[in-house]
Amino acid sequence: VSTQSTWGLSEMESSSLSLPLQVEQLFTFAMNYKKVEAISESCLPVSLKIASAYRCKHIVLDHVVSPEAHMQILDAIKLSKDIVTLSLRNCQLTNLEASCVAECIKGNNALRSLNLCGNEFSLEGMRTLFEAIKTSKSMRVLNLANNKISDEEYKLMAADINKTTLSALCLDDSYAERGFVDFAEALKTNTTLQLLSIVHGSIDQYIAELGNLLKENTTLKTLLLSTNHIDENGGAAIGMGLKYNRGLKYIDLSCNNLEDEGIVHIANGVMDNTTLESLNLGYHSVQKEGMKKIGEMLTKNKTLKNLILSGNRRMPTNYLIHSGVSNIGT
C-alpha cells in the first residue's frame, strides 16, 4: 500500500490488519460489506483505528447492516479528525445511529461529503442530523436519497437548509410530500446550494413550486428532475421558470411525460434564457410540433451548448436547424 492509495479489506485477511511503516497517509478506506462476510465484525473498529492513525481522508462502509457493527464503526470514526468523505449507504441506520453520526459531524472540521442514502431515519433522526450539519463550516455534499422523507421532514429541511453550507443535496427516490412546498419556498433565497437532485421523486403535483423557485433563485446551477411524471402542465411551470431564471446551467427533464405540448413550453422558456448550457429532454414522445419548437429554440438561444434528445423514437430531426449548439445527442 502506498501513499494516497485505496486499501480494500476485502482483499486482506483479518489476521493481517497492518500497514507498512513507510506509509504516511492512507487516502481511502473502502469496504463493501456484501463482499467481506468472512471478516469478523470485531475487526471493523480495529481497521478504522488503523485508518484513523494514518489520517485516512475517505471512508466508505456501505451495506453494513449489523446494529452492533454500527456503534463500533461510529465510535471508531469519532477518533478521526481528518475524514473528508464518509459513506454509510444502505446500512439500515436508525435514529440511534443518527446521534452518533451527528457527533462525527460536530467533531470533524474536515468533513465535506456525507452519503446516508438508503437508511431509515425518522423525523427525530433527521432533526439530530441537521442540528449537527448547521454547526459544520465544511459540509458541502449531503445524500439523503431513498430515505422515505416525510412531510414533517421536508418542513424541517425548509427551516434549516438556509442555515447550512451545503452546495449539493440529493433527495432521489424520496417521494415529495406537502412539506416540499415549504422546502421549495426556502430555496428561493438560498445562496449556497448549487446542485439539487430529485430523481424519481414524484414531485409532479408540486411542480408549480419548482417553477416559482427557478424564477427567483440565482445560485442553483444543476437541477436533476428525471423520472418524476412531469406532464405538459409541469412543462408549462418549468418553462416559465426557465424563462426568468438567470443562474441554472444544466437541467435534466428526461424520462417524464412532457409529450409535445410540454416540450413546447420548455422550449419557449429556454428561448429567453441566457445562462442554460445543457438540456436533457431524453425519452419523451417528441413529435412534429415539439421538434419545430426545439428547432426555433436552437436558432434563438445563444448559450445552449448541449441538447440531449435520445430515446425519442421516430423523432423528426429535420427540424434541428440550429446555430451555436456544439452537441446534440439524438
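Use the structure listed above.
Residues numbered from 1 in each chain as written. Predicted model: local features only at pLDDT ≥ 70, side-chain atom pairs only at ≥ 80, totals over all residues. Heavy atoms only, no water.

**Overview of the overall build of the chain**
- Across its full length, the chain holds 10 helices and 13 strands.
- For the chain, the proportion of contacts with a sequence separation of at least 24, taken over those separated by at least 6, is 79%.
- If you sum the accessible surface of the chain, you get close to 14300 Å²; carbon and sulfur atoms cover 48% of it. (Helix = DSSP H or I, 4+ residues; strand = E, 2+ residues; numbered from the N terminus. Contact = heavy atoms within 4.5 Å. Areas by Shrake-Rupley, 256 points an atom, 1.4 Å probe, with all protein chains shown as cover.)

**So, the pairing of strand 3 (residues 58–62)**
- Counting buried positions along strand 3 gives 4 out of 5 residues, so the element sits mostly inside the fold.
- Summarising the sheet, strand 3 and strand 4 (residues 85–87) pair through 3 bridges and their orientation is parallel. Counted as the bridge partner of H58 is T85 from strand 4.
- Read as a crossover between parallel neighbours, the route from strand 3 over helix 2 (residues 67–77) to strand 4 is right-handed. (Buried < 20%, exposed > 50% of the residue type's maximum accessible area, 1.4 Å probe, protein only. Pairing = 2+ DSSP bridges. Right-handed = clockwise from strand over helix to strand, strands pointing away.)

**Here we look at the pattern of salt bridges**
- Tallying each qualifying case throughout the model produces 11 salt bridges.
- Its salt-bridge partner being D272, residue K243 comes within 2.5 Å of it at the nearest N-O pair. Remark: D272 occurs in the loop between helix 9 (259–271) and strand 11 (278–280) and K243 occurs in helix 8 (residues 232–244); sequence separation between them is 29 residues. (Salt bridge = Lys/Arg side-chain N within 4 Å of Asp/Glu carboxyl O.)

**Remarks on the environment of A110**
- Relative to the helices and strands, A110 is located in the loop between helix 3 (95–106) and strand 5 (113–115).
- Classification of A110 by relative accessible area gives partly exposed; the value is 24%.
- Here the alpha-carbon distance between A110 and T85, two residues 25 residues apart in the chain, equals 8.7 Å.
- Among residues more than four places away in sequence, those in contact with A110 are K81, D82, I83, V84 and S138.

**A word on helix 6 (residues 180–187)**
- In terms of burial, helix 6 is largely enclosed, as 6 of its 8 residues are buried.
- Taken residue by residue, helix 6 has F180, V181, F183, A184, A186 and L187 as its buried positions.
- Lining the buried residues of helix 6 we find helix 5 (151–160), strand 7 (168–170), strand 8 (195–197) and helix 7 (207–216).

**Side note on helix 2**
- For helix 2, the full list of buried residues reads A69, H70, I73, L74, A76 and I77. Projected down its long axis, helix 2 shows its buried positions confined to an angular sector of 160°, all on one face. (Arc of directions from axis to C-beta.)

**Observations concerning empty space enclosed by the protein**
- A full pass over the atoms with the stated rule returns 1 cavity of 30 Å³ or more.
- In this structure, the largest cavity spans a volume of roughly 40 Å³.
- Every residue along the wall of the largest cavity is listed here: V64, H70, I73, L74, L88, C91 and L93. (1 Å grid on protein atoms, 1.4 Å probe; cavity = no way out; pocket = protein on both sides within 12 Å on 5 of 7 lines; lining within 4 Å. Points joined across faces, edges and corners; volume = space filled by probe spheres on them.)

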